[in-house]
Amino acid sequence: MSNIKKQFWWNNSQHRALFFQVLLVAMLVGFFWFIGSNTLTNLNNRGISTGFGFLSQVSGFGIIQHLVPFDETYTFGRTFLVGLLNTLIVSAVGVVFATIIGVVVGIARLSNNWLIAKLATVYIEIFRNIPLLLQMFFWYFAVLRTLPAPKQSWSAGDVVFLNIRGLYLPEPVFGPHFNYVFWCIGLAIVATLFISRWAKRRQDLTGKQFKTKTVGMGLIIGLPAIVFFLVDASLSWNMPALKGFNFQGGITVIPEFTALATALSIYTGAFIAEVVRSGILSVNSGQTEAASSLGLHKSRVLKLVVIPQAMRVIIPQLTSQYLNLVKNSSLATAIGYPDLVAVFAGTTLNQTGQAIEVIAMTMGVYLFISLLISGFMNWYNKKMLLVER
Amino acid sequence: MRKITWSIVAVVVALFISAGIAQASTKDEVQKRGYLQCGVSTGLPGFSNPDEKGHWTGLDVDVCKAIAAATLGDATKIKYVPLNAKERFTALQSGEIDALVRGTTWTLTRDSSLGLNFTGVNYYDGQGFLVSKKMGVKSALELDGAAVCIQGGTTTELNLADYFKENKMEYKPVVFDTHDATAKAFDNGRCDVLTSDQSQLYGLRTHLTKPEDAVVLPEVISKEPLGPVVRQGDDAWFNIVKWTLNAMIEAEEMGVTQANVDEMKNSNNPGVRRLLGLDGIGGKGLGLNDDWAYQIIKQVGNYGEAFERNVGMSSPLKIERGLNALWSKGGIMYAPPLR
């Protein structure tokens, strides 16, 4: 006992490690605290306003496209929401169309038909290799400018109008009992999900197939339709009409939105096509041949054998493409589409002058959206992984 | 976009590292560097626009030149930094430019909460509307429901909202980054109306495919005093920029021109002698050479000359002096006495 040297705590390697961890964390916190307080002091010294108080000030400017009510009497905080929703909707539309284009063109490029395969190749090589900004200018300043002036609008049955100021559609006006119909749609979707799960289990157990699609469609369309007539839900339409210089009423799809969504879908679609092609090629041709020799039809070979295996290669790359699309949507400002960067990091930043707060919020939002997409795609990827038995 | 991002990064970094360190004086920095960094527009005829040889010209550019002439004795020692409306304040705050002369409207918010100071007014403007003649509109009050092309990040955007609201009219704002894109969209027929400061409308009209088909409406819906801007907290530099402009106006009032400035050195008029630094305080208060104002007039000219050359009757814009005439000639251009 007495000949053992006294143990100090730093002689224990575990304690030492812990000590350094704590030291590092303390230094990091100190560093960020220093940066934060230093920035605030300096902003203050220079007479630049700080803080998020500006979010509740009245904005005083208009925004052409807003999915939530907005006019110049709303606050700067509201401009953030309007810009965010505009970014989200153009990204969502872009993702959907880019995926459709990508899958179709990707499969077309592998087609045995020479013409289809070559057309797909030409499409991919052209749109993948021209900068996105130039494509946006092309759609906006070259293609959409050929549309007629409001008074010479093209119309489909005097219900839908198209001119250089946008696409005008009738807007549905829901009557007081219409919420029953929405409830029924929700109910039908949930029911269909249950049916499909039950059908799959039954097929796994007994091999009997069930026409889930037909039944599901019948439910989703039929149930709300019956309820619509039963509760006498009134539905009227707010028609666009030419008043003064422009069409008023109805839903307006502004050309900036069309140009941006088109450019994003076509550009990203070209990349997704290559992703899809690489995914399909990654499936050994022996798989296709084996499936064919079992007598499966070509479309069923694709659906049941090739695609499920290809998805494992496709999904991680698809995630990157989706993330790129969302971030690329910030180029909107060049063609006057009011997205988050144009409205919030543009006009709002300029009117309030609070660059640090505004840019931090904007960056935070893009980070959050990207992480959200990433998280979802990772979950989907896990689901699609080859189940090893 | 990249530029603005980098400017913001620069602001943040500058703010981090400048803790406790006294700001070096802008005047000393400019003189040490040997040239002035002047923020101008990305191209606006009459105010700041590169000519076919790439030389910047315009009324705003002449103010930049005058500042360079006063501080460096050479009106050509300037690096012009073209900025769009959104980038301009960040560029000035971060020190990327020494002075901003870019048709910037003097407002309370900008003067008090951006860490900037306005040094005066070099052009009294007001917001107007440009419409196509085909529309047959005679007054801005007939513009209900119109689509309006506009440059983002300007006071114009706010005035427009105020004006339409006040008159209970609807409008659809289509917002672009640059003068060019705004004019192009108007030209394509995307909008019924292009709105901006009136002086800019005349300039932008020359960019249209058929300038004669567009007409500026008579209404002026706002006050737009445009002037040079500097960073807050450097009073010496603030004084130099302020008095540079005052000297140009004073010179016009005294009848001292680029052509006769040397001859005027023999004048007995005490005001002229003080202006040219022969008597009185000269450049001591500003920390400049005594002939600072002489250099401005010799190399750039007085305010009236700059006006005529760039936006007045001898320019394609043909804008009347109006409010921008001297106070003694029916306008409101007035410089405090140089003594």
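Conventions adopted
Residues numbered from 1 in each chain as written. Chains lettered and ligands numbered in written order. Predicted model: local features only at pLDDT ≥ 70, side-chain atom pairs only at ≥ 80, totals over all residues. Helix = DSSP H or I, 4+ residues; strand = E, 2+ residues; numbered from the N terminus. Rg over C-alpha atoms; globule rule 2.2 N^0.38 Å. Buried ≥ 20, exposed ≤ 12 C-beta atoms within 10 Å, placed from the backbone. Contact = placed C-beta atoms within 7 Å. Domains from an automatic or database assignment. Nonpolar A, V, L, I, M, F, W, Y, C, P; charged D, E, K, R; others polar. Pairing = 2+ DSSP bridges. Axes fitted to C-alpha atoms, helices over the stretch in contact; angles between N-to-C directions. Core = buried A, V, L, I, M, F, W, Y, C linked by C-beta atoms within 7 Å. Expected span 1.5 Å × (residues − 1). Parallel < 35°, antiparallel > 145°, perpendicular 65-115°, else oblique. Left-handed = near helix turned anticlockwise from the far one by under 90°.

## Describing the overall build of chain A
Move 1: Check the secondary structure of chain A and you find 11 helices and eight strands.
Move 2: Against the compact-globule benchmark of 21 Å for 389 residues, chain A has a radius of gyration of 28 Å, which places it well outside the compact range.
Move 3: With the C-alpha coordinates aligned to their principal axes, the bounding extent of chain A is approximately 95 × 65 × 50 Å.
Move 4: When each of the 389 residues of chain A is scored for burial, the buried share is 30%.
Move 5: Sequence-distant contacts in chain A: of pairs separated by 6 or more residues, those separated by 24 or more amount to 67%.

## Overview of the overall build of chain B
Move 1: Each helix and strand counted, chain B has 13 helices and 13 strands in total.
Move 2: In terms of overall dimensions, chain B has C-alpha extents of about 60 × 50 × 40 Å along its principal axes.
Move 3: Out of the 339 residues in chain B, the part that is buried amounts to 53%.
Move 4: The contacts of chain B with a sequence gap of at least 6 include a subset with a gap of at least 24, amounting to 73%.

## Here we look at the domain arrangement of chain B
All names here are of chain B.
Move 1: Under the domain assignment, chain B is made up of domain 1 (2-124 + 225-329) and domain 2 (127-222).
Move 2: The gap between the C-alpha centroids of domain 1 and domain 2 is 29 Å.
Move 3: Contacts between the two partners involve 17 residues from domain 1, matched on the other side by 15 residues from domain 2.
Move 4: For the side of domain 1 that touches domain 2, the class distribution of residues is nine nonpolar, seven polar and one charged.

## Re the environment of B:Gln31
All names here are of chain B.
Move 1: Mapping Gln-31 onto the fold places it in helix α2 (residues 26-33).
Move 2: The spacing of Gln-31 and Glu-252 is 221 residues in sequence and 27 Å in space, taken between C-alpha atoms.
Move 3: Not counting residues up to four positions away in its chain, the partners in contact with Gln-31 are Thr-71 and Leu-72.

## A closer look at the sheet that holds strand β12 (residues 214-216) of chain B
All names here are of chain B.
Move 1: One open sheet holds the five strands; their spatial order is β10-β9-β11-β8-β12, and the pairing between them is mixed. Each edge of the sheet is formed by a strand with only one pairing partner; in this case those strands are β10 (171-176) and β12. Looking at each pair of strands side by side, their axes are set apart by 30 degrees on average, direction ignored.
Move 2: Note: strand β9 (residues 146-151) against strand β11 (residues 193-197), two bridges, orientation parallel.

## Some details on the nonpolar core
Move 1: Membership of the largest hydrophobic core comes to 152 residues, with the highest contact counts inside it found for A:Leu260, B:Cys64, B:Val148 and B:Ile296.
Move 2: Looking at which element gives the most residues to this core, the answer is helix α7 (residues 255-281) of chain A, with 15 residues.
Move 3: When residues no more than four places from it in sequence are discounted, the contact partners of B:Cys64 are B:Leu36, B:Cys38, B:Val40, B:Ile78 and B:Val101.

## Regarding the sheet that holds strand β2 (residues 160-163) of chain A
Residue and element names in this part refer to chain A.
Move 1: Taking strand neighbours across the sheet as the criterion, the four strands line up as β1-β2-β3-β8 in an open arrangement whose pairing is antiparallel. If you trace the sheet from one side to the other, it starts and ends with β1 (154-156) and β8 (251-253), each paired once. Sheet twist, expressed as the mean angle between neighbouring strand axes with direction ignored, is 15 degrees.
Move 2: With three bridges connecting them, β1 and β2 associate as antiparallel partners. Bridge pairing in β2 links Ala-156 to Val-160.

## Brief notes about the interface of chain A and chain B
Move 1: Counting from both sides, the interface comprises 37 residues of chain A and, opposite them, 40 residues of chain B.
Move 2: Ranked by residues supplied to the side of chain A that touches chain B, first place goes to helix α1 (residues 13-45) of chain A with five residues.
Move 3: In terms of residue class, the side of chain A that touches chain B is made up of 16 nonpolar, 16 polar and five charged.

## Describing the environment of A:Val181
Move 1: Of note, A:Val181 is situated in helix α5 (residues 179-206).
Move 2: On a C-alpha basis, the gap between A:Val181 and A:Val231 in space is 8.9 Å, while along the polypeptide they are 50 residues apart.

## Remarks on α5(A)
Residues and elements named next belong to chain A.
Move 1: If you check α5, its first and last C-alpha atoms are 40 Å apart, about what 28 residues at 1.5 Å a residue would give, namely 40 Å.
Move 2: Taken together, the buried positions of α5 are occupied by Val-181, Cys-184 and Ala-188.
Move 3: Two residues or fewer past α5, Gly-207 is found with a positive phi of approximately 85 degrees.

## Focus: the pairing of strand β1 (residues 36-40) of chain B
Residue and element names in this part refer to chain B.
Move 1: Of all five residues in β1, five are buried; the element is thus mostly enclosed.
Move 2: Burial of β1 is two-sided: the residues Leu-36, Cys-38 and Val-40 facing one way and the residues Gln-37 and Gly-39 facing the other way are all buried.
Move 3: Judged from the five bridges that link them, β1 and strand β4 (residues 78-82) form a sheet pairing that is parallel. Note on β4: the bridge partner recorded for Cys-38 is Tyr-80.

## As for the domain arrangement of chain A
Move 1: One can read the domain layout of chain A as domain 1 (76-170 + 239-380) and domain 2 (179-231).
Move 2: The C-alpha-based centres of domain 1 of chain A and domain 2 of chain A are spaced at 30 Å.

## Topic: the packing of helix α2 (residues 76-109) of chain A against helix α10 (residues 340-352) of chain A
All names here are of chain A.
Move 1: Running from N to C, α2 and α10 point in directions that differ by 160 degrees, and their axes come no closer than 7 Å. Taken together, the axes of α2 and α10 lie roughly antiparallel to each other. The segment α2 lies against α10, with Phe-76, Thr-79, Phe-80, Val-82, Gly-83, Leu-84 and Thr-87 engaging Leu-340, Val-343, Phe-344, Thr-348 and Thr-352.
Move 2: Here the residues of the contact of α2 with α10 sort into seven nonpolar, five polar and no charged.

## Describing unusual backbone geometry
If a residue is not glycine, its phi is most likely negative; likewise, a peptide bond is most likely trans.
Residue and element names in this part refer to chain B.
Move 1: Notably, Lys-168 is not glycine yet its phi reads approximately 55 degrees, a positive angle.
Move 2: Considering the arrangement of structural elements, one finds Lys-168 in the loop between α6 (155-166) and β10.
Move 3: For Lys-318, which is not glycine, the phi dihedral falls at a positive 50 degrees.
Move 4: Relative to the elements of secondary structure, Lys-318 occurs in the segment after α13 (303-310).

## Quick look at α1(A)
Given 3.6 residues per helical turn, the α-helix brings residues three or four places apart onto the same face.
Move 1: An ideal rise of 1.5 Å per residue puts 48 Å on 33 residues; α1(A) measures up with 47 Å between its terminal C-alpha atoms.
Move 2: One or two steps after α1(A), the chain reaches A:Gly47, where phi turns positive at roughly 75 degrees.

## Some remarks on the packing of α7(A) against helix α9 (residues 298-328) of chain A
All names here are of chain A.
Move 1: Relative to each other, α7 and α9 sit at 155 degrees, their axes nearing to 8 Å. As far as their axial angle goes, α9 and α7 are roughly antiparallel. Both α7 and α9 take part in a crossing whose hand is right-handed. Counted together, Leu-264, Thr-268, Phe-271, Ile-272, Val-275, Val-276, Ser-278, Gly-279 and Ile-280 of α7 and Val-306, Ala-310, Met-311, Val-313, Ile-314, Gln-317, Leu-318, Gln-321, Asn-324, Leu-325 and Asn-328 of α9 form the full contact between these two elements.
Move 2: Looking at the contact of α7 with α9 residue by residue, the classes come out as 13 nonpolar, seven polar and no charged.

## Some details on the pairing of β2(A)
All names here are of chain A.
Move 1: Side chains of β2 alternate between two faces, with Phe-161 and Asn-163 buried and Val-160 and Leu-162 left unburied.
Move 2: Count of turn residues in the β1/β2 antiparallel hairpin: three residues, of which Gly-157 carries a positive phi of about 60 degrees.
Move 3: Count of turn residues in the β2/strand β3 (residues 166-169) antiparallel hairpin: two residues.

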